[in-house]
Each structure stands twice: as C-alpha cells, then as structure tokens.
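A structural walkthrough
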4 protein chains.
Amino acid sequence: MNSRPLLDRQRLYTIIFESDTPAGRRFDTALLVTILASLVVVMLDSIEGMHSQYRDLFNNLEWAFTALFALEYGLRLYCSPKPLGYAFSFFGLVDLLALLPAILALAFADAQYLLIVRVIRMIRIFRILKLRQYLSQANYLLIALRGSRQKIIVFLVSVSSLVTVFGALMYVIEGPAHGFTSIPTSIYWAVVTLTTVGFGDITPKTPLGQMVASLVMITGYSIIAVPTGIFTAELTNAMRQEGLLKHDCPHCKKHRHEANAAFCSRCGGPLFPRGLPDGKGD
Amino acid sequence: MNSRPLLDRQRLYTIIFESDTPAGRRFDTALLVTILASLVVVMLDSIEGMHSQYRDLFNNLEWAFTALFALEYGLRLYCSPKPLGYAFSFFGLVDLLALLPAILALAFADAQYLLIVRVIRMIRIFRILKLRQYLSQANYLLIALRGSRQKIIVFLVSVSSLVTVFGALMYVIEGPAHGFTSIPTSIYWAVVTLTTVGFGDITPKTPLGQMVASLVMITGYSIIAVPTGIFTAELTNAMRQEGLLKHDCPHCKKHRHEANAAFCSRCGGPLFPRGLPDGKGD
Amino acid sequence: MNSRPLLDRQRLYTIIFESDTPAGRRFDTALLVTILASLVVVMLDSIEGMHSQYRDLFNNLEWAFTALFALEYGLRLYCSPKPLGYAFSFFGLVDLLALLPAILALAFADAQYLLIVRVIRMIRIFRILKLRQYLSQANYLLIALRGSRQKIIVFLVSVSSLVTVFGALMYVIEGPAHGFTSIPTSIYWAVVTLTTVGFGDITPKTPLGQMVASLVMITGYSIIAVPTGIFTAELTNAMRQEGLLKHDCPHCKKHRHEANAAFCSRCGGPLFPRGLPDGKGD
Amino acid sequence: MNSRPLLDRQRLYTIIFESDTPAGRRFDTALLVTILASLVVVMLDSIEGMHSQYRDLFNNLEWAFTALFALEYGLRLYCSPKPLGYAFSFFGLVDLLALLPAILALAFADAQYLLIVRVIRMIRIFRILKLRQYLSQANYLLIALRGSRQKIIVFLVSVSSLVTVFGALMYVIEGPAHGFTSIPTSIYWAVVTLTTVGFGDITPKTPLGQMVASLVMITGYSIIAVPTGIFTAELTNAMRQEGLLKHDCPHCKKHRHEANAAFCSRCGGPLFPRGLPDGKGD
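1. A word on the overall build of chain A
In terms of regular secondary structure, chain A is built from 12 helices and two strands. Moving toward the C terminus, one meets the helices and strands of chain A in the order α-α-α-α-α-α-α-α-α-α-α-α-β-β. Considering chain A as a whole, with its 282 residues, one finds that 46% of them fall into the buried category. Only carbon and sulfur atoms are counted for the fraction: they give 67% of the accessible area of chain A, which is about 14100 Å².

What follows is the structure, encoded as structure tokens:
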C-alpha cells in the first residue's frame with residue numbers, strides 16, 4: 001500500500017492468479033493460447049514428415065515456450081504472498097511439472113527419452129480447465145462421484161474378476177492357434193469385448209468360443225447399466241437435497257423438513273397456520 | 001380482405017407456412033416427398049455405377065429440384081407478411097442454403113467442388129423435422145439438454161484431456177512401428193477406444209500398450225455413466241414438474257400442487273379466493 | 001357338460017390354451033421343447049458340413065415338426081370356443097405363420113427360397129415368451145416404452161439426420177479411394193460409428209477424416225444418454241405412480257392424494273385426525 | 001479354555017477366519033498375496049516364450065502353491081468348530097475347487113488337460129473379494145439386481161429372440177459367400193452387432209445387408225436404455241429408503257419418516273409413546 005515493489009506484487013498477483021480484472025482475464029487468455037500453441041508444436045513434431053522438415057524450428061519453438069513458462073513460474077513465485085504454499089499446491093506442482101522435462105532434456109539428449117518428456121508436458125492441458133463459471137457444476141459431478149466411489153470399486157473388482165475368468169476360459173477354448181496366445185492376451189481380449197470396444201484384432205473362431213464370446217458381450221452390454229445406475233442415482237440424490245423444505249418451525253426452530261411436511265417431525269407443532277376458508281387467508 | 005392479390009397472399013401463406021388446413025397439409029407432404037426425392041438422387045449419383053450410366057438424367061433431375069425449391073423460396077418471400085423477417089429466420093436461411101450450392105455450381109464447374117455442394121444440400125433433411133405434434137416432446141429434450149449444458153461441457157473438456165494424455169502415452173509406448181504414427185493419430189486412436197467404438201485399424205501390440213489400452217477401455221466404459229446420469233437427472237426433473245399446478249399457496253407458500261388442487265395439501269388453506277355463485281364469480 | 005365331445009373340447013382347451021393344470025403345464029413344456037428342437041434342426045441344416053452329410057435326416061425332421069405343428073394348429077382351432085377369434089388373434093397368426101413356409105416349399109422347390117422359409121419359421125421362438133409370471137414385468141416395460149414413444153421418434157429422426165449429414169461429409173472428405181465408395185455406404189459407416197459399433201471395415205485415413213470421425217464418435221458416445229435418460233425417466237415415473245397416497249378423504253371421499261398430503265386438495269379437510277400427544281393416540 | 005489344543009484351535013480360528021485382530025489381518029494379506037502370485041505364475045506359464053524357458057521353475061512353483069493352499073485348507077478344517085459346515089459352505093467349496101485341479105493333474109498328465117485345470121484355479125481370485133468395508137455397498141447393488149431380476153430376464157429373452165431373427169435374416173441376405181457361413185455364425189454376428197461390440201471379422205457387403213445391419217445397430221444402441229433404466233430405477237428406489245425411519249405412525253399409518261422424527265410430519269401425532277422421566281422410561 002505504501003512501497004512501490006509491494007504494490008507491484010499485489011497488482012501482479014491480481015493479474016496472474018485472478019481473472020476478475022480485465023488485465024487478469026487478458027493474461028489468462030494469453031496463457032491458454034500459449035499452452036495450446038506449445039501442445040500443437042509437440043503434436044506436429046511427432047508427425048514424421050513434419051519432424052524431418054522443420055526439426056530446428058520446432059526445437060526453437062519448444063525452447064521458447066519453455067522459457068516463457070519458466071518466466072511465468074518465477075513471477076508466480078515472486079508475487080505470491082506465500083511462495084511455498086503456491087509451490088506445493090496442486091497447480092504449483094503442475095506448473096513445475098510442465099518445466100521439468102525440458103530441463104531434464106539438457107542432460108540426457110536421447111531422442112527416445114525426449115518423447116516421454118513431451119508426454120508429461122501434456123498435463124499442461126489441465127491448466128486450461130481454470131474455468132471459473134463451470135467449477136460449481138464440476139463440483140456437483142465430484143460430489144456424485146465421491147458418493148458412488150465405493151460402489152464403483154466393487155463394480156471394478158467384479159469386472160476384473162470376470163475378465164480374468166473369461167480370458168482364461170477363452171485361452172483354453174481357442175488357444176494360441178486362433179490368436180489367444182497367452183492368458184494375459186486373452187484377458188486383454190476379454191476387456192476389449194466386455195467393454196463393447198471390439199477391436200477385432202483377436203476374434204474367436206470355434207463355435208464354442210463364439211458362444212462364450214456372445215456370453216461375454218451380452219454380459220458387458222447388460223452390466224454397463226451398473227455404473228450408469230450408480231452414478232445417476234447419486235446425482236439425482238445430490239440434486240434432490242435442494243428439495244427439502246427450508247422453513248423454521250415456529251415452535252422449535254427446526255430448519256429442514258420433509259418436502260411436504262405439514263407438522264414438525266421434532267416437536268409435532270404445525271409448521272404453518274391453517275389457512276381457514278372463512279378467515280382473512282394470508 | 002378487399003383486393004384480390006392480398007387475399008391470394010394470405011391464402012398462399014396459409015398453404016405454405018401453416019399445416020392446419022387440408023391444402024396446407026398436402027403442400028407440406030408434397031414438399032417433404034420432393035426433398036426426399038432430391039436426397040435420393042444425390043445419393044444414387046454418388047454410386048459409381050449409377051453415375052456413369054445415368055449422369056445426364058441425374059443432372060437434369062438435380063436442376064429440376066433446384067428450380068422447384070427456388071420457386072418455393074420465391075413464393076415464401078412473396079406471401080410472407082415480413083419477407084425480411086422470414087429471410088433471416090432459421091428456416092429462411094436453411095431454405096436459402098439449400099439453393100446456394102446449385103447456383104455456385106454454375107460458376108465453378110469443378111466436379112470435386114460439386115461434391116461438397118451436395119453435402120451442404122443435405123441440410124434440407126431438417127425441413128422434414130417440421131412435425132407439429134412432436135415439437136413439444138422435442139422441446140422437453142431441449143430443456144433437459146439446456147439444463148445439463150454446463151455439466152456436459154465440463155465432461156467434454158475432461159474427455160478431451162483424457163484422450164490427449166492417453167494418446168501421447170500410447171504414442172510413446174507403441175510408437176510408429178505399431179501404427180501409432182504420430183500424437184494426433186494416437187489421439188484419434190484414444191477417441192476410438194474411449195468411446196468404445198473400436199475400429200481395430202490401429203491396435204496395441206506390446207503387453208504394456210495392451211495394459212494401457214485396457215485402462216482406456218474400462219475408463220470409457222465407466223464414464224459413459226456421466227453424460228447419461230446428467231441427462232437422466234435433468235429429464236426426470238423436467239418431467240416431474242409437468243402437470244403440476246405451479247401456484248404459491250397464499251398461506252404457507254407451498255409452490256407445487258396437484259393439477260386440480262383446490263386446497264393446499266400442506267396447510268389445508270384454499271389456494272384461490274372462492275368465486276361465490278351470488279358474487280362476481282369469474 | 002352333458003355330451004362327451006364337448007367335454008373333450010373343454011379339457012383340450014384347458015390343456016392346450018391354459019397352463020394352470022399339471023397337464024396344461026406338461027403340454028406347454030413339451031411344445032417349447034419341440035419348437036426349440038425344430039429351431040436347432042434349421043440351424044444345424046444351415047451349416048455346410050452338416051447339410052451335406054445329414055441332408056435327408058434334417059429334411060425328414062423338418063417335415064415331422066411341420067406335421068406336429070399342423071396337428072397342434074388344428075387342435076387349437078377345434079377346441080377353441082371361438083375358432084375365428086383364435087385364428088385372427090396375435091398368437092393364432094403366429095402359429096399359422098410357422099406352418100406356411102413348409103407348405104409353400106411344396107410348390108416352389110427352389111433351395112434359395114427354402115432358406116427364407118426357415119427364417120420366417122424363426123418367429124416361433126416368440127411362443128416361448130408365454131411366461132405367465134413375467135408378463136406383469138413386461139407390462140411395466142411396455143408402459144414406459146409407450147410413454148417415451150414420441151420422444152424416441154424425435155431422437156431417431158435426429159440420429160437419422162445426423163448420420164446422413166456426417167455420411168455425406170465423410171464421402172466428400174475421404175472419397176471412394178479410402179472405402180467411402182458412395183453416400184449410402186458412407187451413411188452406413190456413420191451408423192456403424194455413431195452407434196459405437198465400429199466394425200473397422202471402413203475407416204478414415206486422412207487427418208481431416210479422422211477429426212470428423214472423432215466428432216461422430218464423441219457425439220454418439222454422448223447422445224446415448226438421450227434414449228437412456230428418456231426411458232429411465234419414464235420408468236421411474238411409472239414406478240412412482242404407486243407412491244401416491246391411497247386413502248379416502250373422510251370429508252369428500254377423494255381417493256388419491258400427494259404422497260405426504262396432510263389435507264385433502266379438493267375439500268381442504270384434514271385427511272387424518274390430529275394425533276394429539278395428550279389424547280388416546282390411536 | 002482349559003486344554004491347550006482347544007485354545008490353539010480358537011486362536012487359529014480367529015487368525016484364519018476373521019480379520020479383526022492384527023494377526024488375522026496379516027494372515028489375510030499374506031493369503032491374498034500368495035493367491036495373486038499363483039495367478040501370475042499360471043499366467044506367465046501360458047506365455048509361449050516363458051513356458052519353454054522356465055518350465056521347471058513354474059512347475060515347482062505351482063506345486064509349492066498347491067501344497068500351501070492344501071495346508072491352509074487342512075488348518076481351516078481343523079480349527080473350524082463345525083468342519084462339515086465349513087466344507088460345504090460357499091467359501092469351503094471354492095477353497096477345495098482351488099486344490100482339485102492339481103490333484104487331478106497327477107493322474108492325467110495330458111498337457112491339454114492341465115490348461116483347463118489352470119482355468120478352474122482362476123476362481124481363487126474371488127477370495128480376494130473378502131473386503132469387509134465394501135460388503136454393504138455390494139449388498140446395495142445386489143438388492144437392486146434382485147429387484148430388477150424379472151425385468152432383466154424379460155429383456156434378455158427379447159434380446160435373444162431379436163438376435164435369432166436378425167441372424168437368420170442376415171444369413172439369407174448375405175449368405176456364406178460374405179462370411180455369414182451358417183445361422184449360428186450369423187446369430188453370433190448379430191450378438192456382436194446388437195451389443196455394439198463390432199469386431200468386424202464378419203461384415204455385410206450387400207446394400208440390403210448394410211441396411212439391415214444399420215437397423216440392428218440402431219436397435220442395439222437404443223435398447224441399451226432398457227437394462228440401464230431398469231437398474232437405475234431400482235437403485236434409486238433402494239437408496240431412497242436408506243436412512244429413513246420405517247415405522248407406521250400410530251395415528252395415520254404414514255410409513256416412512258425422517259431418520260430422527262419424533263412426530264409424524266403428516267398428522268402431527270407422536271410416533272412413539274412418551275417415555276416420561278418419572279415413569280419406567282425405556
């Protein structure tokens with residue numbers, strides 16, 4: 001408030017960390033565009049024809065983007081009131097992770113390794129998710145997901161058991177001659193089939209194998225109802241919470257009641273005066 | 001009412017724009033059949049054997065249909081009380097769009113371009129959707145879609161991030177040798193797999209790749225529950241409010257009542273002041 | 001009641017048309033087994049190796065089954081109190097349809113035609129559906145389906161428009177060289193892709209085609225929520241009907257009320273005497 | 001309590017059958033790890049390269065695991081208060097089933113047979129499912145499944161009829177020349193297509209076949225809504241009743257109340273006779 005540098009820090013903080021001011025919104029938009037551009041460069045660089053022709057250009061661009069993101073990371077540390085708090089927050093760690101691969105690439109020039117580096121860089125795309133107005137909606141989905149977590153795990157364990165048993169069964173029935181070369185491969189086939197993906201790289205050839213495969217498919221087709229049912233029921237539940245009657249009981253002040261309650265379930269008193277037809281109503 | 005041409009315009013308007021009179025219904029049916037016929041001609045023309053044999057016939061038919069639709073567009077402009085209002089309405093623009101390609105084809109005789117022209121013509125099929133009795137049902141679906149729009153966008157952004165990360169990961173694991181020729185191609189593979197389509201044109205060959213692919217498939221199989229849950233919850237909500245009387249009880253403010261309710265089911269008070277037979281009733 | 005033949009008819013009716021008596025149950029079980037056996041014979045006969053070896057055996061068996069079903073059809077007509085009523089009922093027509101192909105095969109010995117004959121015979125499997133105890137559950141599903149019929153049609157029309165537009169678009173983008181040989185074939189591809197089936201017999205090869213295909217897949221993956229949402233909402237609705245309070249209003253005798261109604265919505269009188277704590281309660 | 005062996009038995013029982021004590025928990029964890037290890041050995045042994053190199057090692061390991069599980073089975077019989085009760089319980093039979101294949105392998109040295117043996121061993125994975133805290137959630141799913149059982153059977157019978165009719169139809173339309181070699185194979189194709197798996201090993205080639213296939217796909221895409229709707233409606237029902245107080249109001253018979261309700265929200269009467277502080281309260 002009094003010294004210049006402190007004011008700068010505050011203004012920087014508002015611009016970089018918040019998006020309520022025009023400057024803050026402009027900064028966030030520019031950052032998103034830059035991240036997208038760096039992603040496009042990584043993608044184009046992975047195309048053989050592009051890579052051989054524009055190798056140097058892509059290399060320079062990737063370094064330029066890395067420099068920009070490093071500068072941004074430094075500024076965030078500088079203007080944050082609690083630099084350590086930011087550095088160890090979720091977004092702080094993601095921001096750092098987006099820089100590390102490029103630094104590691106200095107020491108290890110192996111091309112193969114560089115590829116992995118690009119993949120980890122991909123996580124930058126999550127920074128695009130800083131969409132204020134959608135956070136409350138995302139929150140809804142998270143509540144429903146958290147509520148259905150245990151049921152989802154039971155479901156996933158059942159599915160894992162199913163694909164293991166079906167995979168081993170198909171290995172015995174069809175065998176290596178028809179593409180089911182090992183139990184792990186057969187389990188992979190069972191996952192492909194149960195989830196109704198159906199690549200078709202491995203397919204049953206014997207009548208018995210096709211019967212078991214039909215069973216796997218109908219099972220997969222039917223039990224997709226389970227995660228859907230779980231999630232829908234949880235989400236309906238989360239959305240119904242608003243359906244409770246919020247009205248202070250005039251006698252005991254209990255605040256939430258069943259949707260159509262006429263009497264308080266705690267003190268038994270009527271929640272509303274009876275609107276008699278011969279009275280002044282209201 | 002007094003001059004002939006004005007009466008003609010009115011009658012034309014009733015026939016062309018409305019479908020309550022027998023003539024209007026006949027016009028709409030004829031229009032739908034004509035559009036369908038023009039679609040069939042475009043489709044047949046795209047079949048190699050047909051094209052080489054009946055080239056001229058198809059060409060003439062396409063011109064005949066274009067002339068008919070141009071005439072119809074002119075009549076609509078002529079008989080509309082507000083021609084500009086129609087021209088810039090949704091259906092007005094669609095009607096114009098159905099004509100433009102043929103006109104453009106006059107200047108640019110390039111066959112390749114003509115093909116694109118036919119595609120844009122396809123949008124005519126939406127004119128078939130003018131089904132009066134189903135509009136209220138379509139409206140229902142639109143309300144549910146509008147209510148779930150934000151949640152759907154959060155979902156689509158998450159799916160996009162997932163396929164990008166999984167695509168890059170598979171590019172590194174499998175590499176160009178196994179068909180994952182670039183990151184964009186690998187992202188395409190991830191979309192094919194996550195949505196449980198599973199073409200099988202690109203498939204993982206390494207054990208690690210098959211494990212990651214299994215993860216992608218089970219993820220796709222499980223998260224299909226999310227859009228389904230969102231839409232179902234919204235639609236259930238939209239339908240629960242149907243047929244209910246929306247009127248604040250003057251005594252207890254209960255908002256929704258049975259369709260024919262005279263008294264509030266919570267406080268017993270009359271919902272509406274009594275219209276006495278000897279009073280001003282009504 | 002008095003003459004023998006009439007009694008026989010009644011007994012036959014009970015055995016053939018009903019399944020409440022032990023004899024009736026035994027007849028129905030035998031019939032189902034016979035139909036299944038005839039189906040198995042048709043299926044085995046369609047396998048090349050089987051057909052060449054056991055041609056005569058299968059032929060004789062098929063004739064034996066046809067004779068049996070003809071006898072059964074005759075008995076049904078004989079013992080039915082209203083033979084015409086049975087003959088034109090749904091099951092009567094299905095029973096006749098199961099005989100016709102074999103009779104037609106007498107006149108037209110063409111093998112190709114015989115194949116079609118076997119297909120129509122397949123409809124016999126629906127006779128297996130005479131499962132008493134499940135009919136009420138099937139009824140539930142039918143109510144939900146009928147309630148959602150209009151919404152389903154709106155959905156199917158939208159899907160048809162989508163696959164037409166996407167099909168034509170892919171035809172222009174990929175063209176005959178990449179397997180999209182005509183607009184109808186491309187529409188077939190769009191159906192395969194939008195419904196997440198994904199045979200992989202036709203796949204996009206160009207980057208732009210893969211982008212549009214990704215869009216089709218994500219669309220198909222998302223809008224599967226629509227029929228599911230519609231049907232779930234209708235079924236939840238159908239099942240909630242039971243949730244209404246069935247209790248005669250002591251004042252006006254109105255029978256159905258909102259689930260938690262305390263007062264009658266028609267006459268405003270309390271539905272239940274107030275259970276005062278100082279009273280005799282109950 | 002007095003003799004040593006009895007005490008040992010009790011302690012053993014607590015360790016082996018229960019998981020409330022630290023020792024019991026350690027035993028269960030060790031058991032799960034051992035089962036997983038034995039599964040991994042079976043899987044690795046099925047990979048051709050591994051099998052030829054480490055044949056003896058895998059053989060010995062499998063025998064060691066079998067010995068361990070036999071010892072465990074003996075101990076369970078020994079320490080169980082009712083050995084026969086355990087032996088014929090679900091888990092007792094599964095434990096025995098995990099031993100039998102290895103014993104059978106002694107008499108029949110046929111390698112082919114041994115493969116089947118390994119498959120039956122797979123069922124051991126279900127022992128991993130002894131997850132205490134998730135059982136109540138699994139129970140929820142089971143209640144919903146039991147409630148929807150009849151509707152699911154109606155659905156499965158309808159689907160079976162559909163694939164039979166569609167399969168026979170495609171056999172006639174496409175015929176053996178296009179891969180639809182017999183009616184059973186065509187039914188297999190119909191299952192692959194209706195469940196939206198779509199391997200692509202058999203695909204329609206004729207325009208009519210592609211039209212029927214499109215119909216099968218859109219049917220499969222739409223009716224997936226049915227099991228999902230059934231299960232969701234049942235689960236929502238099961239979850240709505242959770243946490244509610246089930247107790248008939250002594251005055252108006254309202255059945256479900258808020259978890260902590262003292263008075264009925266419909267008639268205001270006390271749900272339970274008042275336990276007066278000066279009375280016998282409780």
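After presenting the structure, the write-up continues.
2. So, the relation of the copies chain C and chain B
Superposing chain C onto chain B requires a rotation of 91° together with a translation of 0.2 Å along the rotation axis, leaving an RMSD of 2.7 Å. Taken together, the rotation and translation describe the operation of a four-fold axis. For chain C, the residue whose C-alpha comes nearest the rotation axis is C:Ala262, separated from it by 2.9 Å.

3. Observations concerning the side chain of B:Thr206
Residue and element names in this part refer to chain B. With respect to the helices and strands, threonine 206 occurs in the loop between α10 (183-194) and α11 (207-223). Polar contacts involving the side chain of threonine 206 include one to the main-chain amide nitrogen of glycine 209, which spans 3.0 Å. Sequence-distant contacts of threonine 206, defined by excluding residues within four places in its chain, comprise Ile173, Glu174 and His178.

4. Here we look at the interface of chain C and chain B
Listed per partner, the contact involves 57 residues of chain C and 54 residues of chain B. Across the chain C to chain B interface the summed buried area is about 4700 Å²; carbon plus sulfur atoms make up 71%. Counting every contact that joins chain C to chain B gives zero salt bridges. Here chain C and chain B share two residue pairs in polar contact (both at pLDDT 80 or more) between them. When residues in the side of chain C that touches chain B are grouped by element, the largest group, 12 residues, is from helix α9 (residues 149-174) of chain C. Grouping the constituent residues of the side of chain C that touches chain B by class yields 30 nonpolar, 20 polar and seven charged.

5. As for the environment of C:Pro176
Residues and elements named next belong to chain C. With respect to the helices, strands and loops of the structure, proline 176 is situated in the loop between α9 and α10 (183-194). A relative accessible area of 47% places proline 176 in the partly exposed class. For the pair formed by proline 176 and serine 186, sequence separation is 10 residues and the distance between their alpha carbons is 9.6 Å. Residue contacts for proline 176: discarding those within four places in its chain leaves Tyr171 and Thr181.

6. Details of the environment of D:Phe155
Examined against the element boundaries, D:Phe155 turns out to sit in helix α9 (residues 149-174). Measuring from C-alpha to C-alpha, the distance between D:Phe155 and D:Phe91 comes to 32 Å, with 64 residues separating the pair along the chain. When neighbours within four sequence positions are excluded, D:Phe155 is seen to be in contact with A:Tyr221, D:Ile223, D:Val226 and D:Pro227.

7. As for α11(B)
For α11(B), spanning 17 residues, the distance from its first C-alpha to its last is 24 Å, which sits close to the expected 24 Å at 1.5 Å a residue. The buried fraction of α11(B) amounts to 12 of the 17 residues, a majority that puts the element mostly inside the structure.

8. Points about the pattern of salt bridges
Residues and elements named next belong to chain D. Under the defined criterion, the tally for this structure stands at four salt bridges over all chains. For arginine 76, the salt bridge goes to glutamate 72, with nearest N and O atoms at 2.7 Å. Of this pair, arginine 76 and glutamate 72 both sit in helix α3 (residues 48-79), four residues apart, which is roughly one turn of that helix. Accessibility classification places arginine 76 together with glutamate 72 in one group, the buried group.

9. A short note on the packing of helix α2 (residues 22-45) of chain C against helix α3 (residues 48-79) of chain C
Residues and elements named next belong to chain C. Look at α2 against α3: their axes get within 9 Å of each other, and the N-to-C directions meet at 150°. With respect to α3, the element α2 is oriented roughly antiparallel. Taken as a pair, α2 and α3 cross one another with a handedness that is left-handed. Facing Phe27, Leu31, Thr34, Ile35, Ala37, Ser38, Val41, Val42, Leu44 and Asp45 of α2, the residues of α3 in contact are Met50, His51, Phe58, Leu61, Glu62, Phe65, Leu68, Phe69, Glu72 and Arg76. Of the residues that constitute the contact of α2 with α3, the class distribution is 13 nonpolar, three polar and four charged.

10. Points about α9(C)
A rise of 1.5 Å per residue sets the reference length of α9(C), with its 26 residues, at 38 Å; its end C-alpha atoms lie 36 Å apart and thus fit the reference within 8%. Positive backbone phi, approximately 75°, marks C:Gly175, located one or two places after α9(C).

11. Here's the deal with the packing of α9(D) against helix α11 (residues 207-223) of chain D
Geometrically, a packed helix pair is captured by the angle between its two axes and the distance between the axes. Residues and elements named next belong to chain D. For the pair α9 and α11, the least separation of the axes is 10 Å and the interaxial angle reads 170°. When the interaxial angle is binned, α9 and α11 end up roughly antiparallel. For the pair formed by α9 and α11, the contact residues are Phe155, Val159, Leu162, Phe166, Leu169, Met170, Ile173 and Glu174 on the first element and Leu208, Gly209, Gln210, Val212, Ala213, Leu215, Val216, Thr219 and Ile223 on the second.

12. Focus on the confidence of the model for chain A
Chain-level pLDDT for chain A is 75 on average; 74% of the residues reach the 70-or-more range. Below pLDDT 50 for its whole length, residues 109-128 of chain A participates in 49 contacts with residues either more than four positions away or in separate chains.

13. Examining the side chain of D:Gln210
On the secondary structure map, D:Gln210 appears in helix α11. A distance of 3.5 Å separates a polar side-chain atom of D:Gln210 from the backbone oxygen of D:Pro204. Residues within four places of D:Gln210 in sequence aside, it is in contact with C:Thr185, C:Tyr188, D:Glu174, D:Pro204 and D:Lys205.

14. A word on a nonpolar patch on the surface
Residues A:Leu68, A:Leu71, A:Leu75 and A:Tyr78 make up a contiguous nonpolar surface patch of about 360 Å² in total accessible area. When you line up the elements, A:Leu71 lands in helix α3 (residues 48-79).

15. Here's the deal with the environment of B:Leu100
Locating B:Leu100 in the fold gives a position in helix α6 (residues 100-107). Sequence spacing of B:Leu100 and B:Ala70 is 30 residues, and the spatial spacing of their C-alpha atoms is 9.7 Å.

16. Re unusual backbone geometry
The phi dihedral of B:Thr196 is positive, around 60°, even though this residue is not glycine. Along the chain, B:Thr196 turns up in the loop between α10 and α11.

17. Quick notes on the packing of aromatic side chains
Two aromatic rings are characterised by how far apart their centres lie and by the angle between their planes. A complete count under the given rule lists 19 aromatic pairs over all chains for this structure. Both rings, one in C:Tyr54 and one in C:Phe58, keep their centres 6.1 Å apart while their planes meet at 70°; by these two values the pair is edge-to-face. Here C:Tyr54 and its partner C:Phe58 are both found in helix α3, four residues apart, which amounts to about one turn of the helix. Among the residues examined, C:Tyr54 registers a relative accessible area of 37% and is labelled partly exposed. You can call C:Phe58 buried: its relative accessible area is 5%. Here the aromatic cluster, defined as three or more aromatic residues joined through ring pairs, consists of A:Phe180, A:Trp189 and D:Phe199. Its end group placed over the ring of A:Tyr78, A:Arg9 keeps NZ or CZ at 4.9 Å from the ring centre.

The rules behind these values
- Numbers given for residues are sequential positions, taken from 1 along each chain in its written order.
- Ligands are numbered from 1 and chains lettered from A, in the order in which they are written.
- With pLDDT at 70 or above as the cut-off, local features in this predicted model cover only qualifying residues; side-chain atom pairs require 80 or more to be listed or tallied, and sums for whole chains, interfaces and linings still use all residues.
- Water and hydrogen atoms were dropped before computing side-chain values, which therefore reflect all heavy atoms in the structure.
- Helix and strand definitions follow DSSP, with helices as H or I runs of at least four residues and strands as E runs of at least two, each counted in order from the N terminus.
- Buried, partly exposed and exposed residues are distinguished by accessible area as a fraction of the type maximum, computed with a 1.4 Å probe on protein chains only: under 20%, between the cut-offs, and over 50%, respectively.
- Surface exposure here means Shrake-Rupley accessible area, sampled with a 1.4 Å probe, where a residue is shielded only by the protein chains that are shown.
- C-alpha atoms of residues with pLDDT of at least 70 in both copies form the basis for the least-squares superposition of the copies.
- As used in this structure description, the phrase polar contact means that two N or O atoms lie within 3.5 Å; if the pair is within protein, one of them must be able to donate a hydrogen and the other to accept it, and residues adjacent in sequence are counted only when both atoms belong to side chains.
- Contacts were defined at the residue level, with two residues in contact if any of their heavy atoms lie within 4.5 Å.
- Throughout, the accessible surface (probe 1.4 Å) given up by two parts as they are put together, summed over both, is called the buried area.
- By definition here, a salt bridge exists when the distance from a side-chain nitrogen of Lys or Arg to a carboxyl oxygen of Asp or Glu is within 4 Å.
- For this scheme, ten residues count as nonpolar: Ala, Val, Leu, Ile, Met, Phe, Trp, Tyr, Cys and Pro. Four count as charged, namely Asp, Glu, Lys and Arg, and the remainder, Gly too, count as polar.
- Expected span of a helix, by definition, is 1.5 Å for each gap between consecutive residues, and there is one gap fewer than residues.
- Interaxial angles span 0 to 180 degrees and are taken between N-to-C directions of axes, which are lines fitted to C-alpha atoms, for helices over the stretch in contact.
- For classification, angles of less than 35 degrees are called roughly parallel, those exceeding 145 degrees roughly antiparallel, those between 65 and 115 degrees roughly perpendicular, and all remaining angles oblique.
- Take the far helix as the reference: if the near one is turned anticlockwise from it by less than a right angle, the crossing is left-handed, and if turned clockwise, right-handed.
- pLDDT is defined as a per-residue confidence score from the predictor, taking values between 0 and 100.
- Distance thresholds for patches are 9 Å for like charges and 5 Å for nonpolar side chains (Val, Leu, Ile, Met, Phe, Trp, Tyr), applied to residues having over 30% relative accessible area and no salt bridge.
- Two rings belonging to Phe, Tyr or Trp (six-membered ring only in the last case) form a pair when the distance between their centres is within 6.5 Å. Interplanar angles under 30 degrees mark stacking, angles over 60 mark edge-to-face geometry, and anything in between is tilted.
- Charge-over-ring placement is defined geometrically: NZ (Lys) or CZ (Arg) within 6 Å of the ring centre, and within 35 degrees of the ring normal.

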